[in-house]
Amino acid sequence: MTGARTAIRAATAPDHERLDGLFEGFDLADAGSYGRFLIAHAAALIPIEAALDAAGAEALIPGWADRRRGAMIRADLAALGIDPPELAPFPELEDDAACWGAAYVVEGSRLGGALLARRIAPGLPRSYLGTPQVKGAWRTFVDVLDAALPTEDRIGRATRAAQATFSFFEAAGRRQLEHSHR
């Protein structure tokens, strides 16, 4: 059996590629487009973090409280003078395996955020994308994820939750891109 991280990464690769392609449609050097990018991410991230909290992420994921970024994205929106978006609830995470799957996407987005932060124009807020991950945090996360998901059944439940999480981010991104083309 392969590790959970490898299995989840392989199963969600098409979702990840589709999401990356979608968010390439936002120009982070333009304040208006960057604001829409942040609205899309807030519309997904904040409800997902709330679902993770409700599912007991604090007890499962080392350093969960410090990993949360909802306050950072709210601060960036406020600095741009943008109200936080209306939030649709993220579906309840049925068990700890699902919690790990959703957290995998949220934690992975932090790694991608560090690359995206380089594209933000000077003077624009960058708490959400620009706050560096603590050294070794991703490695610790995936090591614990592998240990927490030792069976194909648990990996399958985590994978379905990861796919749902990617879809939630994608729907939020599509709404903002459609809004910008009106």
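Residues numbered from 1 in each chain as written. Predicted model: local features only at pLDDT ≥ 70, side-chain atom pairs only at ≥ 80, totals over all residues. Heavy atoms only, no water.

Chemist: Just to check I follow, could you spell out the overall build of the protein for this structure?
Modeler: Assigned secondary structure in the protein consists of nine helices and zero strands. For the protein, the sequential pattern of α-helices and β-strands runs α-α-α-α-α-α-α-α-α. A compact globule built from 182 residues should have a C-alpha radius of gyration of about 16 Å, and the protein, at 16 Å, falls within 12% of that. With the C-alpha coordinates aligned to their principal axes, the bounding extent of the protein is approximately 45 × 30 × 25 Å. Within the protein, buried positions represent 46% of all 182 residues. (Helix = DSSP H or I, 4+ residues; strand = E, 2+ residues; numbered from the N terminus. Rg over C-alpha atoms; globule rule 2.2 N^0.38 Å. Buried < 20%, exposed > 50% of the residue type's maximum accessible area, 1.4 Å probe, protein only.)

Chemist: Quick question: what am I supposed to make of the pattern of salt bridges here?
Modeler: Pairing is possible between side chains that carry opposite charge, provided their charged atoms lie close to one another. The final tally for this structure, using the stated rule, is twelve salt bridges. A salt bridge links Asp 146 to Arg 5; the shortest N-O distance between them is 2.6 Å. A residue pair is termed long-range when its members are at least 10 positions apart, and Asp 146 in helix α8 (residues 137-148) and Arg 5 in helix α1 (residues 4-23) qualify at 141 residues. Judged by its relative accessible area of 17%, Arg 5 is buried. A salt bridge links Glu 170 to Arg 18; its shortest N-O distance comes to 2.9 Å. Highlighted residues: Glu 170 in helix α9 (residues 152-180) and Arg 18 in helix α1, separated in sequence by 152 residues. Residue Glu 170 is classed as buried on the basis of its relative accessible area, which comes to 11%. Connected through shared salt-bridge partners, Asp 15, Arg 18, Glu 170 and Arg 174 make up one network. (Salt bridge = Lys/Arg side-chain N within 4 Å of Asp/Glu carboxyl O.)

Chemist: Even after reading the chapter, I still don't get the nonpolar core, so can you show me in this structure?
Modeler: One broad trend across soluble globular proteins is that nonpolar side chains are buried collectively. Counting 57 residues, the largest nonpolar core has Phe 37, Leu 52, Leu 129 and Leu 149 as the members making the most contacts within it. Contributions of two or more residues to this core are made by α1, α2 (31-54), α5 (70-79), α6 (96-117), α7 (127-130), α8 and α9. For this core, the element with the most residues is α2, which contributes 13 residues. With near-sequence residues (within four places) excluded, Leu 129 lies in contact with Leu 28, Tyr 34, Phe 37, Gly 113, Ala 114, Leu 116, Ala 117 and Ile 120. (Core = buried A, V, L, I, M, F, W, Y, C linked by side-chain atoms within 4.5 Å. Contact = heavy atoms within 4.5 Å.)

Chemist: Just to check I follow, could you spell out the packing of aromatic side chains for this structure?
Modeler: Where two aromatic rings form a pair, the distance of their centres and the angle of their planes describe that pair. Taken as a whole and assessed by the stated rule, the structure comprises eight aromatic pairs. Aromatic pair Tyr 104 and Trp 138: ring centres 5.8 Å apart, planes at 50°, arrangement tilted. Of this pair, Tyr 104 sits in helix α6 while Trp 138 sits in helix α8, placing them 34 residues apart in sequence. Look at Trp 138 and Phe 141: their rings are 5.6 Å apart centre to centre, the planes differ by 25°, and that puts the pair in the stacked class. Placement of the pair is Trp 138 and Phe 141 together in helix α8, with a separation of three residues, close to one helical turn. The class for Trp 138 is partly exposed, based on a relative accessible area of 23%. Residue Phe 141 is classed as buried on the basis of its relative accessible area of 0%. What links up through ring pairs into an aromatic cluster is the set Phe 23, Phe 26, Tyr 34 and Phe 37. (Phe/Tyr/Trp six-rings, centres within 6.5 Å; stacked < 30°, edge-to-face > 60°.)

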